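Next come the chains, spelled out residue by residue.
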Amino acid sequence: MANILNIETSTDVCSVALTSEGQVLDHRENYEGQTHATLLSQYVKEMLDYARSREMKLDAIAVSIGPGSYTGLRIGLSEAKGLAFGLGVPLIGINTLKLMTVSTMFNHFIEDEKVLFVPMIDARRMEVYTAAYTSALQAVVEPQAMILDEQSFEAQLKQGYTLVLMGNGSDKARQVLTHEGVRFIEGIKPVAVDMLALAEKAYRENDFIDVAYSTPLYLKEFQATKPKSPL
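The following paragraphs examine the structure supplied in this document.

Quick notes on the rules
- Residues numbered from 1 in each chain as written.
- Predicted model: local features only at pLDDT ≥ 70, side-chain atom pairs only at ≥ 80, totals over all residues.
- Heavy atoms only, no water.
- Pairing = 2+ DSSP bridges.
- Helix = DSSP H or I, 4+ residues; strand = E, 2+ residues; numbered from the N terminus.
- Axes fitted to C-alpha atoms, helices over the stretch in contact; angles between N-to-C directions.
- Contact = heavy atoms within 4.5 Å.
- Buried < 20%, exposed > 50% of the residue type's maximum accessible area, 1.4 Å probe, protein only.
- Salt bridge = Lys/Arg side-chain N within 4 Å of Asp/Glu carboxyl O.

1. Re the sheet that holds strand E4 (residues 60–66)
Logical step 1: The sheet built from 5 strands is open, its strands ordered E3-E2-E1-E4-E5 with mixed pairing. Across the chains shown, the open sheet's two edge strands, defined by having one partner strand only, are strand E3 (23–30) and strand E5 (91–95). Ignoring strand direction, the axes of neighbouring strands in this sheet form an average angle of 20°.
Logical step 2: Across 6 bridges, strand E1 (residues 3–8) lies against strand E2 (residues 14–20) in antiparallel orientation. When the sheet's bridge partners are listed, Asn 6 is paired in E2 with Ala 17.
Logical step 3: On the sheet, helix H6 (residues 196–204) packs against E1, E2, E3, E4 and E5 and is oriented at approximately 135° with respect to E5.

2. Description of unusual backbone geometry
Logical step 1: The step from Gly 66 to Pro 67 runs through a cis peptide bond, and the omega angle for that step is 10°.
Logical step 2: Structurally, the position occupied by Pro 67 is in the loop between E4 and helix H2 (70–87).
Logical step 3: Positive phi is not limited to glycine here, since Glu 21 has a value of about 50°.
Logical step 4: Within the secondary structure, Glu 21 sits in the loop between E2 and E3.
Logical step 5: When its relative accessible area of 58% is taken as the criterion, Glu 21 is described as exposed.

3. Structural notes on the pattern of salt bridges
Logical step 1: For the coordinates displayed, the defined rule picks out 10 salt bridges.
Logical step 2: Between Asp 49 and Lys 45 there is a salt bridge, with the nearest N and O atoms lying 2.9 Å from each other. Here Asp 49 pairs with Lys 45, and both are found in helix H1 (residues 36–53), just 4 residues apart, close to one helical turn.
Logical step 3: Across the pair Glu 154 and Lys 158 runs a salt bridge whose closest N-O atoms are separated by 3.7 Å. With Glu 154 and Lys 158 both in helix H4 (residues 154–158), this residue pair falls 4 residues apart, about one helical turn.
Logical step 4: Lys 158 gets classed as exposed once you look at its relative accessible area, which sits at 68%.
Logical step 5: It is possible to trace a salt-bridge network through shared partners that takes in Asp 26, Arg 28 and Glu 46.

Now the structure itself:
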């Protein structure tokens, strides 16, 4: 198993975790929002200090590449690239929606055999970043920016799937997806400690991203908002 430093900054949570041989050795998390720029470097330093104190050599850096917050993703990927380049180790990119799905599967037992996991990250208004995955992480609905309405995931519901929705965008879905086949799981946030399984799998399969040219998975173009005019 590899020694991996995991970074997750795709939403309002800033988190870092050091993992090895299927275990989380140390981690840091902050849920207060808008803290990535000030806390991430300190968290990374503490993980590196931990590794050095135990004479551990890092084998890879893993980072959540989105979708999610434009600013958070840029900060996280920039930090991860710098570490990977400086340490001479490969860089692993973790899809945030898959990360949330794995977290849900590990922490909640779902009895339904025909189930799809539908992570949702808040975008704007009634829009979310979402996808639909089987328990084997096969995408039935590919990652996309979706404006939610009563017809969202209608095809999958008609096929008899139970949809398990989670994430900070799923509250929007409660307003329009009232089908009995829709379930909601509370409290799922993408955090670095839950990156362990996906990061180790990627490392085993040599599934790395380019340290120089990789970019976040934004799914849609950035739209700046104009400041309100003073009264």
